[in-house]
Amino acid sequence: MNPIFIPSLLSQCCLLALASAALSPTAQAGNSVTDGSTLLVTSGYTSSLAGDYPLLASGGGSLLQTSVPLTFRTSGNNLFAARILDGGEMVLSGAALSTSGLQASGLDITAGLATLRGGLIATNGINSSAVAVRGDSQLTLADLALVTNGNQSVGIDMRGGTSVSYTHLRAHETAANL
């Protein structure tokens, strides 16, 4: 006689959750542009989910911008409030980017362009950076405050062929040097 398996309500819910997760795309964002278009962001966003970036610009010609002060937050390890990849670009005016977690960055750029005018980038966590810049990237900061808190945390972490220009940059770090 073969045993009959009757799934419990809990098993059914777990299977449904796993199936739903498999169907959802990864690296989602509260505000994202990945198709070479321009997106004007009009509201802030908070997330604690891996791959769910409040701001994401990826791919050549993809431009994400703000024209009014807005707040974007993440809480959790290895998360970013704003992420730019592969030729994407962001122009943020008066934005507040904040992260809380290990190895988290307010702004993470890999082969992209970022211009931030006014606002604040704040991180709280071990080995975190207000701004992490990799590869052939360009970063322009004006009238911006950088605040980091946590052992081995830095204001700007640059690696690769990065170009940075800044005016009126205010940096306050509690555990490392800029």
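The rules behind the values
- Residues numbered from 1 in each chain as written.
- Predicted model: local features only at pLDDT ≥ 70, side-chain atom pairs only at ≥ 80, totals over all residues.
- Heavy atoms only, no water.
- Helix = DSSP H or I, 4+ residues; strand = E, 2+ residues; numbered from the N terminus.
- Buried < 20%, exposed > 50% of the residue type's maximum accessible area, 1.4 Å probe, protein only.
- Contact = heavy atoms within 4.5 Å.
- pLDDT = per-residue confidence, 0-100.
- Core = buried A, V, L, I, M, F, W, Y, C linked by side-chain atoms within 4.5 Å.
- Salt bridge = Lys/Arg side-chain N within 4 Å of Asp/Glu carboxyl O.
- Pairing = 2+ DSSP bridges.

**Student:** Outline the overall build of the chain, supporting the account with residue identities and numerical values.
**Tutor:** Scanning the chain from terminus to terminus reveals one helix and 16 strands. Relative to its full complement of 178 residues, the chain shows a buried share of 40%. Expressed as a percentage of contacts within the chain between residues at least 6 apart in sequence, the contacts between residues at least 24 apart total 75%.

**Student:** How would you sum up the confidence of the model for the chain? Please name residues and give values.
**Tutor:** Low-confidence regions, as indicated by low pLDDT, have predicted coordinates that should not be scrutinised in detail. Mean pLDDT over the chain works out to 81, with 74% of the residues at or above the 70 mark. Counted against residues more than four places away or in other chains, residues 9-27, with its pLDDT under 50, gives four contacts.

**Student:** Account for the nonpolar core, naming residues and giving values.
**Tutor:** Generally speaking, soluble globular proteins have nonpolar side chains that are buried together. Grouped together as the largest cluster of nonpolar side chains are 27 residues, with contacts concentrated most on Leu55, Leu97, Leu107, Leu116, Ile121 and Val131. Where this core is concerned, the elements lending two or more residues are strand E4 (53-58), strand E7 (80-85), strand E8 (89-93), strand E10 (105-110), strand E11 (113-117), strand E13 (129-134) and strand E14 (138-149). Per element, the largest residue contribution to this core is four residues, and it comes from E14. Other than its neighbours up to four places away in sequence, Ile121 contacts Leu97, Gly106, Leu107, Leu116, Ala130, Val131, Leu144, Ala145, Leu146 and Val147.

**Student:** Go over the pattern of salt bridges, please, and point to the residues and values.
**Tutor:** Applying the stated criterion across every chain, the model contains three salt bridges. Across the pair Asp108 and Arg83 runs a salt bridge whose closest N-O atoms are separated by 3.0 Å. Of this pair, Asp108 sits in strand E10 while Arg83 sits in strand E7, placing them 25 residues apart in sequence. Between Arg134 and Asp157 there is a salt bridge; the shortest N-O distance is 3.1 Å. Remark: Asp157 occurs in strand E15 (residues 154-159) and Arg134 occurs in strand E13; sequence separation between them is 23 residues. Here Asp157 falls in the buried class, since its relative accessible area comes to 17%. Connected through salt bridges with shared partners, the residues Arg134, Asp157 and Arg159 form a single ionic network.

**Student:** Describe the pairing of E8, and please don't skip the residues or the numbers.
**Tutor:** Of the strand pairs in this sheet, strand E5 (residues 63-66) and E8 are connected by three bridges, and their pairing is parallel. Across the sheet, Leu64 pairs through a bridge with Met90, a residue of E8. Strand direction decides the pairing type here: E8 and E11, joined by five bridges, are parallel. From the neighbouring strand, Ser93 faces E11, where its bridge partner is Arg117.

**Student:** An account of unusual backbone geometry is requested, with residue identities and associated values reported.
**Tutor:** Backbone geometry places Asp86, a non-glycine residue, at a positive phi of 45 degrees. Take Asp86: it is sitting in the loop between E7 and E8. A positive phi is found at Ala111, a non-glycine position, where the angle reads about 55 degrees. Within the element layout of this structure, Ala111 appears in the loop between E10 and E11. Overall, the relative accessible area of 27% leaves Ala111 in the partly exposed class.

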